[in-house]
Amino acid sequence: MSWASWTTSGVYTGTGGVRTEEAGILSGDLTVHTTWFDGQASVAVQYSGSSDWFTLVGSPVPCPSEEESRSFHQSVVEAVRAGEGARVPSVGAEPA
C-alpha cells in the first residue's frame, strides 16, 4: 500500500476562517496537513506552532492517486486562504 502526506504552514485564513469537526471555526495562521492512504485523503489543520490538530469538515474524501492527492492538498490550501467557513473541497477542484 502507498501513502503520502503534504504539509503547508503559514496559511492565513480568509475572513470567516475554516470549519473543523472538533473546534468549530478556526481563523488566523494555520498549518494544513493532508494524508493520502488507500485511496482516501484526510485533511487536518492546526494553529501554526500548536500541537493540536483538527479535522477539516468534509474529511476524509475519496482520492484515487498520490498525484491527485498533491493537487487536492493545494486546493485545500487555497480554500483555507479563501476562508468563508471553508470545508474540504471536492477532489479534482482547481485551486483558486
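For the structure itself, consult the block above.
The following paragraphs examine the structure supplied in this document. Bear in mind the structure is a predicted one, so any value in this text is a computation, not a measurement.

**Observations regarding the side chain of serine 69**
Now for step 1: Looking at where serine 69 falls in the secondary structure, it is placed in helix α1 (residues 66-82).
Now for step 2: Residue serine 69 is classed as buried on the basis of its relative accessible area, which comes to 0%.
Now for step 3: Within the structure, serine 69 has its side chain in polar contact with the backbone oxygen of glutamate 66 (distance 2.6 Å).
Now for step 4: Contact partners of serine 69, with chain neighbours within four places excluded, come to Trp6, Trp36 and Cys63.

**Quick word on the nonpolar core**
Now for step 1: Core analysis: the largest hydrophobic core is formed by 21 residues, its most contacted members being Val18, Val32 and Val45.
Now for step 2: Sorting the residues of this core by element identifies β1 (3-12), β4 (29-37), β5 (40-47) and α1 as the ones contributing at least two each.
Now for step 3: In terms of residue count, α1 provides more of this core than any other element does, five residues in total.

**Some words on the pattern of salt bridges**
Now for step 1: Using the criterion set out here, one finds one salt bridge in the structure.
Now for step 2: Two residues, glutamate 78 and arginine 81, come together in a salt bridge whose shortest N-O distance is 3.0 Å. With glutamate 78 and arginine 81 both in helix α1 and three residues apart, the pair spans about one turn of that helix.
Now for step 3: With relative accessibility at 18%, the residue glutamate 78 sits in the buried group.

Criteria and cut-off values
Residues numbered from 1 in each chain as written. Predicted model: local features only at pLDDT ≥ 70, side-chain atom pairs only at ≥ 80, totals over all residues. Heavy atoms only, no water. Helix = DSSP H or I, 4+ residues; strand = E, 2+ residues; numbered from the N terminus. Buried < 20%, exposed > 50% of the residue type's maximum accessible area, 1.4 Å probe, protein only. Polar contact = N/O pair within 3.5 Å; in protein donor to acceptor, adjacent residues only side chain to side chain. Contact = heavy atoms within 4.5 Å. Core = buried A, V, L, I, M, F, W, Y, C linked by side-chain atoms within 4.5 Å. Salt bridge = Lys/Arg side-chain N within 4 Å of Asp/Glu carboxyl O.

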